[in-house]
Amino acid sequence: MTSDKSARPAKNIHAFWLFFPAAAILAALAVPLSIHGVLSGTGWPPGLLGAGHAHELIFGFALALIAGYTLGPQPRRILATLFILWLLARITWLLAPDSWTAQVLSPAFALLLARCVVPRFNAAKKWRNKIAGPLILVLCLMVPGFWLTGVVGPDSLMPDRTRLLQSSVLGLLLLMTFMGGRIIAPAVAGTLEKKDIPLEARVQPRIEAALLVLLIAAMGLAMGAATERLAGAVLLPAALLVTIRILRWRLWHCPERPDLLVFAAGYLWLAAGAGVTGTHLLAGIPAIPALHLITVGALGTLSASVMLRLAWQRASRCPPPGWQPISLAALIGLSAVSRYLAGPTPFASPGWLWLSAGLWSAAYLGVALQLLMLYRPAHNRRK
């Protein structure tokens, strides 16, 4: 005869408790290892050389963030399958990126993630609210697309890997623009309501719709060598609209909420990244340094803020202490500027590269440590 306790079905586990610390650790280790592999001449780890560096930070780190944020509570079996697949994909890619296991496991995780996540957005009534599902699907499909570009070669009609990754970064820019607005606007509105300050400009549907059109166009145009300049021209008005949107949220009325101010800083990094990337593409200048303003400045600030916010809410039902998001935003912001100053190649300014990597790793090691420390109080609260 089984006890009542043993007969109870196992509770679902929130995906972010698994994927967020793993993503933070990957981010902290991958960047300095990639710089070491190039500048030392050792070529180790091989999976972080050349386009492999971007592959892991976009398709490893960013997709883990998407998994943690969008999956919600999941049965242990489903969550364990996804996480083990992600982990094996990362290990095989880092150590043997050209092996068949690495080539299969990374797309397999992305496709399974899309299968689990994308249908969750179908219940939305408005097309703007449904767009997150297709955006995540496109980003996940970029992973097998990356593999396919290596198979068919540069002479095919497929874009080369550099432009595919460039378009993927712009896809992340669009996803962060959309989902960031869905996080910031209601949080600011709730804070201002307590002060009897009305916030009329919340979602700002016209601006949001214009951004969706512009950034989807930029993603497509960035795929081709002949249309890159047009992508740059499209990104400039998008940067202006992002800036207008964040200003209309009137965050200067929320000085007591440093977590919201850091979210705003991350959103402004989206505008800066879009504007500088657009300028580079329009002028025919290598866009790699500018793209790092999106992947380091915006993705870094917003992802660290979201990870801490979710963990603190689940563990203590309160926002994180102000010094935590502020410190992380400062480290990541300095890292983004340093990476931009380092130039388009690892050999241009290695000092700036190492400074950027050190600041980035310090921020994400701090995030990982805080998440692991918060898991136990949250676990005890569930009991």
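Because the structure is predicted, anything quoted here is derived from the model rather than measured. Residue numbers run consecutively from 1 along every chain, following the written order of its sequence. pLDDT decides what is reported in this predicted model: residues at 70 or higher carry local features, side-chain atom pairs at 80 or more are listed and counted, and totals for whole chains, interfaces and linings draw on all residues regardless. To get the side-chain values, take all heavy atoms of the structure and skip hydrogens and water.

1. Some details on the packing of helix H3 (residues 51–70) against helix H4 (residues 76–95)
To get an axis, fit a line to the C-alpha atoms, keeping to the stretch in contact for a helix; angles then go from 0 to 180 degrees between the N-to-C directions. Helix and strand definitions follow DSSP, with helices as H or I runs of at least four residues and strands as E runs of at least two, each counted in order from the N terminus. The N-to-C vectors of H3 and H4 enclose an angle of 170°; their axes lie 11 Å apart at closest approach. Classified by the interaxial angle, the pair formed by H3 and H4 is roughly antiparallel. On the side of H3, the interface is formed by Gly52, His55, Glu56, Phe59, Gly60 and Ala64, while H4 contributes Trp86, Arg90, Trp93 and Leu94. Orientation is classified from the angle alone, with under 35 degrees giving roughly parallel, over 145 giving roughly antiparallel, 65 to 115 giving roughly perpendicular, and any other angle giving oblique. For this analysis, residues touch if any pair of their heavy atoms sits within 4.5 Å.

2. What to know about the domain arrangement of the protein
For the purposes of this description, domain bounds are those given by an automatic or database domain assignment. The domains assigned to the protein are domain 1 (12–158) and domain 2 (178–377). When each unit is reduced to the centre of its C-alpha atoms, the spacing between domain 1 and domain 2 is 20 Å. Counting from both sides, the interface comprises 28 residues of domain 1 and, opposite them, 34 residues of domain 2. Buried surface area refers to the total accessible area, computed with a probe of radius 1.4 Å, that the two partners give up upon joining, counted for both partners together. When the two sides are added together, the surface that domain 1 and domain 2 hide from each other amounts to roughly 2,900 Å², 85% of it contributed by carbon and sulfur. The largest per-residue losses of area from domain 1 upon contact with domain 2 belong to Trp17, Tyr69 and Arg128, which jointly make up 22% of the total buried on that side. Any carboxyl oxygen of Asp or Glu that lies within 4 Å of a side-chain nitrogen of Lys or Arg is treated as forming a salt bridge with it. For the pair domain 1 and domain 2, the number of links is zero salt bridges. Side-chain atoms alone can form a polar contact between residues adjacent in sequence; in general such a contact is a pair of N or O atoms within 3.5 Å, and within protein one must be able to donate a hydrogen while the other accepts it. Where domain 1 meets domain 2, there are three residue pairs in polar contact (both at pLDDT 80 or more).

3. What to know about the pattern of salt bridges
Working definition: two side chains of opposite charge can pair if their charged atoms are close together. As enumerated under the stated definition, the model contains eight salt bridges in all. Here Asp160 ties to Arg163 by a salt bridge, and the two come within 2.9 Å at their closest N and O atoms. Each of Asp160, Arg163 and Glu228 takes part in salt bridges that share partners, so that together they form one network.

4. Focus on the nonpolar core
Membership of the largest hydrophobic core comes to 127 residues, with the highest contact counts inside it found for Phe19, Phe61, Leu63 and Tyr364. No other element matches the 18 residues that helix H8 (residues 161–193) contributes to this core. The two domains that each donate at least three residues to this core are domain 1 (12–158) and domain 2 (178–377). Once you skip the residues sitting within four places of it in the chain, Phe61 turns out to touch Ala23, Leu26, Ala27, Glu56, Leu299, Ser303, Trp360 and Tyr364. For this analysis, a nonpolar core means a set of buried residues of the types Ala, Val, Leu, Ile, Met, Phe, Trp, Tyr and Cys, connected via side-chain atoms within 4.5 Å. Classification of residues uses two cut-offs on accessible area relative to the type maximum, computed with a 1.4 Å probe and protein chains only: under 20% is buried, over 50% is exposed, and between them is partly exposed.

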